[in-house]
Amino acid sequence: MIKARGKSRFWIIFFMGALLFGIRWTKGAGYLDLYSILLKPILPGTAQREWIKQGENIERSIRLKLLEDDNNRLRRALSLKESNFEQRISAAVISRSSRNWWKQLEINKGSKVGVLKGQTVIGPGGVIGLVDSTTPLTARVRLLTDPGHQLGAWIDRTKQHGVLTGMGTNRPKLIFLNTNGLAKIGDAVTTSPASTLLPPNLTIGIVQFVNEKALPSPYAIVQLTASPEAIDWVQILKNNGQK
Amino acid sequence: MAKNNKKLFILLTIICLQACTIISPDWLKINGINPCWPVILLLPFSLRNSPRKAAIGSIFLGIFVDSFTIGDASYIPSLFILSLVWSAYGLHNKKIELFLNIGLMAIFGTAFVGLSLWFQKIIIYSILRNNWFHAWSFHVLISEVIITGLVAPFFSSWLLLTYKKN
């Protein structure tokens, strides 16, 4: 009887010791897991997660605004074009001729609201063209895809400048100004930060094909990120243009 | 009365042309390409008038259509030549209202206008001379010829008959 009691005490002590050793070895993992399971019902829910995300977004937009202001101040100091995205005019596309001999759009805002020739027109995704002419109530936009339409652009990754030239298809050609370290497929093409005509760093498209051996100059084929055929609303940036 | 009708008809034609060019209805497109409206309108006018009148009409039409396009390529040279050819053809052929005949003339006219615009663009924009195969031009040319060939027999025949009545 005394022998059996001693044996069971041994096993209790053994299990307790093993348990303690296990807790120590796992650094209390079991306890922590159990604690988290018990705590789950009173943890911050999805609503709180959204509040936190919202807070993060507000913080990011404030930071973006500060950086933009800083960037504009520096650009002003260097006499470069500013990217003031607050000065935008929204307009609807009233006529589209994006596949004809002339690649153009007619929009329902004109000189009456301050649209000027040469202003940049952007759609969801990036730049789609420049204002070619205006009437008091409408403006005609020459698309980037129009044959012969030329625009300064650069590859952000390699800092290589080039001339984006419309070829009639949905994929304009970026003709590089020099020959080495040009671009890779997938590189983003944006308006040049050194441009004195266009606002800087506006997305144009993605490089789809590169021909480094082409003569007289190497080129890349760019897939536009904004498709003029599917856009019904555009925005005109007011910070460039001529009367 | 007849003269007034003609004036009204010309006015309506001009408004219709403008509307068709600007609105460019989707249901009247092939691969996003409109019919060549200047050809559709010039064809009956040239067939019913003297070469001089047709030539003047084509120049005015060309100036009018050019005002709705960007760039430097113009409709005027091709429309001018077409007006002279069609007018000469119209003077010698009496049964020109035939449905298919009109369609065929519109097809050739559209191809000529398209080739003229293409050629002008090649001259104006040196970048297009780097590669002589322009897929987009073939695409526009073929689609425009097809849709104009389908639309012209209806519109142009109707216009021709109306010209005759007036």
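Residues numbered from 1 in each chain as written. Chains lettered and ligands numbered in written order. Predicted model: local features only at pLDDT ≥ 70, side-chain atom pairs only at ≥ 80, totals over all residues. Heavy atoms only, no water.

Draft legend 1. View of the overall build of chain B. Tallying secondary structure elements over chain B gives six helices and zero strands in all. Scanning chain B from its N terminus toward the C terminus, one meets helices and strands in the order α-α-α-α-α-α. Residues counted as buried form 50% of the 166 residues belonging to chain B. By sequence separation, contacts in chain B at least 24 residues apart represent 74% of the contacts at least 6 residues apart. (Helix = DSSP H or I, 4+ residues; strand = E, 2+ residues; numbered from the N terminus. Buried < 20%, exposed > 50% of the residue type's maximum accessible area, 1.4 Å probe, protein only. Contact = heavy atoms within 4.5 Å.)

Draft legend 2. Up close: the interface of chain A and chain B. The interface is formed by 20 residues belonging to chain A together with 27 residues belonging to chain B. Carbon and sulfur atoms supply 62% of the area buried between chain A and chain B, which totals about 2100 Å² over both sides. Among the residues of chain A in contact with chain B, R99, W101 and W102 of chain A are the three that bury the most area, contributing 41% of the side total. Inspection of the chain A/chain B interface yields zero salt bridges. Here chain A and chain B share nine residue pairs in polar contact (both at pLDDT 80 or more) between them. Classifying every residue of the side of chain A that touches chain B gives five nonpolar, seven polar and eight charged. (Buried area = accessible area lost by both parts, 1.4 Å probe. Salt bridge = Lys/Arg side-chain N within 4 Å of Asp/Glu carboxyl O. Polar contact = N/O pair within 3.5 Å; in protein donor to acceptor, adjacent residues only side chain to side chain. Nonpolar A, V, L, I, M, F, W, Y, C, P; charged D, E, K, R; others polar.)

Draft legend 3. Inspection of the pairing of strand β9 (residues 188-191) of chain A at higher detail. All names here are of chain A. With three bridges connecting them, strand β6 (residues 150-155) and β9 associate as antiparallel partners. Paired with W154 across the strands is T190, a residue of β9. Looking at chain direction, β9 and strand β10 (residues 203-211) are connected through three bridges and run antiparallel. Bridge pairing in β10 places A188 opposite I206. (Pairing = 2+ DSSP bridges.)

Draft legend 4. Looking closely at the packing of aromatic side chains. Using the criterion set out here, one finds 11 aromatic pairs over all chains in the structure. With 5.5 Å between their ring centres and 45° between their planes, W102 of chain A and Y75 of chain B make a pair best called tilted. Here the residue W102 of chain A occupies a position in the loop between β1 (88-97) and β2 (104-107), and Y75 of chain B occupies one in the loop between α3 (51-66) and α4 (76-92), the pair thus bridging two chains. Each of the two residues, W102 of chain A as well as Y75 of chain B, counts as buried. Plain terms: the ring middles of W37 of chain B and F155 of chain B are 5.3 Å apart, the flat faces sit at 80° to each other, and that makes the pair edge-to-face. (Phe/Tyr/Trp six-rings, centres within 6.5 Å; stacked < 30°, edge-to-face > 60°.)

Draft legend 5. How the structure looks around the sheet that holds strand β5 (residues 139-143) of chain A. All names here are of chain A. Within the closed barrel, the six strands sit side by side as β1-β2-β5-β4-β3-β12. Their pairing is antiparallel. Sheet twist, expressed as the average angle between the axes of neighbouring strands with direction ignored, equals 45°. Examined bridge by bridge, strand β3 (residues 120-123) and strand β4 (residues 126-134) share four bridges and lie antiparallel to one another. From the neighbouring strand, I122 faces β4, where its bridge partner is V127. (Axes fitted to C-alpha atoms, helices over the stretch in contact; angles between N-to-C directions.)

Draft legend 6. Structural context of the packing of α3 of chain B against α4 of chain B. Residues and elements named next belong to chain B. As a packed pair, α3 and α4 sit with axes 8 Å apart at the nearest point and diverge in direction by 150°. When the axes of α3 and α4 are compared, the pair comes out roughly antiparallel. Crossing of α3 against α4: the hand is right-handed. Taking contact as the criterion, the partners of P51, A54, A55, S58, I59, L61, G62, I63 and D66 in α3 are, on α4, I76, L79, F80, S83, L84, S87 and L91. A breakdown of the residues in the contact of α3 with α4 according to their chemical character gives 11 nonpolar, four polar and one charged. (Parallel < 35°, antiparallel > 145°, perpendicular 65-115°, else oblique. Left-handed = near helix turned anticlockwise from the far one by under 90°.)

Draft legend 7. Spotlight on the sheet that holds strand β8 (residues 173-176) of chain A. Residue and element names in this part refer to chain A. Strand order in the closed barrel formed by six strands is β6-β7-β8-β11-β10-β9, with antiparallel pairing between adjacent strands. Pairs of neighbouring strands in the sheet enclose a mean axial angle of 40°, with direction left out of account. Pairing of β10 with strand β11 (residues 219-224), which is carried by six bridges, proceeds in the antiparallel orientation. The partner of G205 across the bridge, within β11, is L224.

Draft legend 8. Highlighting the environment of I146 of chain B. Residues and elements named next belong to chain B. Locating I146 in the fold gives a position in helix α6 (residues 135-165). Classification of I146 as partly exposed rests on a relative accessible area of 41%. When the C-alpha positions of I146 and T110 are compared, they lie 9.2 Å apart, and in sequence the two are 36 residues distant.

Draft legend 9. A look at the confidence of the model for chain A. For chain A, per-residue confidence averages 81 on the pLDDT scale, and residues scoring 70 or more make up 91% of the total. Across chain A, the element-wise mean pLDDT spans from 75 in helix α2 (residues 29-39) of chain A up to 91 in β5 of chain A. (pLDDT = per-residue confidence, 0-100.)

Draft legend 10. Looking closely at the side chain of E144 of chain B. For E144 of chain B, the location among the structural elements is in helix α6. Salt bridges are absent for the buried E144 of chain B, whose nearest opposite-charge side chain, K103 of chain A, sits at 10 Å. Setting aside its immediate chain neighbours within four residues, E144 of chain B contacts N100 and W101 of chain A together with I33, N34, C36 and T110 of chain B. (Lys, Arg positive; Asp, Glu negative; His and termini not counted.)

Draft legend 11. Up close: the packing of helix α2 (residues 37-48) of chain B against α3 of chain B. Residues and elements named next belong to chain B. With their axes 10 Å apart at the nearest point, α2 and α3 run at an angle of 165° to one another. Our classification of the angle between α2 and α3 gives roughly antiparallel. Between α2 and α3 lies a crossing whose hand is right-handed. Along its contact with α2, which presents P38, L42, F45 and S46, the element α3 presents K53, A54, G57, S58, L61 and V65. Here the contact of α2 with α3 is built from residues that sort into six nonpolar, three polar and one charged.

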